[in-house]
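Commentary on secondary and tertiary structure
Letter by letter, the chains look like this.
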Amino acid sequence: MRDLEVEFIARELKVNDQIRARQVRLIGSDGQQQGIIEVREALRRAREQDLDLVLVGENAQPPVARMMDYGKYRYELQQQVKEARRRAKHQEMKSIKFRIKIEGHDYKTKVNHIRRFLKSGHKVKIVIMFRGRERSHPELGQEILNRVARDVAELATVDSPPTLAGMDMNMMLRPVAERA
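Notes on the structure follow. Keep in mind the model is a prediction, meaning the values are calculated, not measured.

Now for the sheet that holds strand S7 (residues 123-129). Spatially, S6-S7-S9-S8 is the arrangement adopted by the four strands of the open sheet, whose pairing is mixed. Only two strands of the sheet have a single neighbouring strand rather than two, namely strand S6 (93-99) and strand S8 (156-165). Neighbour to neighbour, the strand axes of the sheet diverge by 20 degrees on average, direction disregarded. Two elements, S7 and strand S9 (residues 168-175), share six bridges in a ladder whose sense is antiparallel.

Within this model, the second largest pocket holds a volume of roughly 170 Å³. Around the second largest pocket, the lining residues are Asn16, Asp17, Ile19, Arg20, Ala21, Arg22, Glu38, Val39, Arg40 and Leu43. When residues of the lining of the second largest pocket are assigned to their parent elements, the largest contribution, three residues, is made by helix H2 (residues 39-48). Its residues placed into classes, the lining of the second largest pocket shows four nonpolar, one polar and five charged.

The next subject is the nonpolar core. Counting 22 residues, the largest nonpolar core has Phe98, Ile114, Ile126, Val148 and Leu173 as its most contacted members. Among the elements that take part in this core, helix H4 (residues 104-119) stands out by supplying five residues, more than any other. If we skip the residues at most four places from it in the chain, Val148 touches Phe98, Tyr107, Val111, Ile114, Ile126 and Leu173. If you look at the next biggest cluster of nonpolar residues, it comprises 13 residues, including Val39, Leu51, Leu55 and Met67.

Where S6 lies against S7, seven bridges are found, and the strand directions are parallel. Among the inter-strand pairings, Arg99 is bridged to a residue of S7, identified as Met129. For the crossover from S6 across H4 to S7, the handedness is right-handed.

If you trace the five strands from one edge of the open sheet to the other, you get S1-S4-S5-S2-S3, paired in mixed fashion. Two strands close off the open sheet at either side, each with one partner strand: strand S1 (14-15) and strand S3 (33-38). Sheet topology places strand S2 (residues 23-27) next to strand S5 (residues 64-68); three bridges connect them, and they run parallel. If you follow Ile27 over to S5, its bridge partner there is Arg66. Running at roughly 130 degrees to S3, H2 makes contact with S2, S3, strand S4 (52-57) and S5 of the sheet. Across the face of the sheet, helix H3 (residues 70-87) comes into contact with S1, S4 and S5 while running at roughly 50 degrees to S4.

For the rest of this paragraph, the subject is the environment of Val54. Tracing the backbone through its elements, the reader meets Val54 in strand S4. Note: C-alpha distance between Val54 and Lys82 (28 residues apart in sequence) is 23 Å. Discounting residues that sit within four places of it in the chain, Val54 has contacts with Leu13, Lys14, Val15, Val64, Ala65, Arg66, Met68 and Tyr70.

All right, on to the pattern of salt bridges then. The tally for this structure, following the rule as stated, stands at eight salt bridges. Of the charged contacts in the structure, one is a salt bridge between Glu41 and Arg45, with a shortest N-O distance of 3.1 Å. With Glu41 and Arg45 both in helix H2 and four residues apart, this pair spans about one turn of that helix. On the basis of relative accessible area, Glu41 is assigned to the partly exposed category, the value being 26%. The class of Arg45 is partly exposed, set by a relative accessible area of 25%. Here Arg99 and Glu134 are joined by a salt bridge, their closest N and O atoms 3.1 Å apart.

Cut-offs and rules
- Residues numbered from 1 in each chain as written.
- Predicted model: local features only at pLDDT ≥ 70, side-chain atom pairs only at ≥ 80, totals over all residues.
- Heavy atoms only, no water.
- Pairing = 2+ DSSP bridges.
- Helix = DSSP H or I, 4+ residues; strand = E, 2+ residues; numbered from the N terminus.
- Axes fitted to C-alpha atoms, helices over the stretch in contact; angles between N-to-C directions.
- 1 Å grid on protein atoms, 1.4 Å probe; cavity = no way out; pocket = protein on both sides within 12 Å on 5 of 7 lines; lining within 4 Å.
- Points joined across faces, edges and corners; volume = space filled by probe spheres on them.
- Nonpolar A, V, L, I, M, F, W, Y, C, P; charged D, E, K, R; others polar.
- Core = buried A, V, L, I, M, F, W, Y, C linked by side-chain atoms within 4.5 Å.
- Buried < 20%, exposed > 50% of the residue type's maximum accessible area, 1.4 Å probe, protein only.
- Contact = heavy atoms within 4.5 Å.
- Right-handed = clockwise from strand over helix to strand, strands pointing away.
- Salt bridge = Lys/Arg side-chain N within 4 Å of Asp/Glu carboxyl O.

As structure tokens, then:
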């Protein structure tokens, strides 16, 4: 996936001989505008400074080109992408299944699992499975889901309220954001 992002960046910008415009508005390596000049002259100036000519504003009239070390620029972009990915919090979806006829101890055990998942920063999908005639009493499933939401209220907020989907009733819980 990382290579695709780098390839996308590389494909976005035209460099050196890939530039097809006749004239460009040249920006020097120091960031100062050097005026509108022919592409050949801009390439010559860039090569004299051992830099690349990179087309940064293709849609402008005339296009904007900048003298820079393109390899170093791409490397810095890769590092920024990598750092952003490292800082991003990976949130996994966990799922817990309940039945309407759940006993008290089993209920407590499953709620403790939900607490552990939420403390780890994961979202939790709670599923109530109905069988046979249990489907005619969705209010029993609703009661269990509401009870779970109350029991873990200090750790989670309801992301999506209980909804009936076929033979199941689902509810999503999201961990509460850390308070600073």
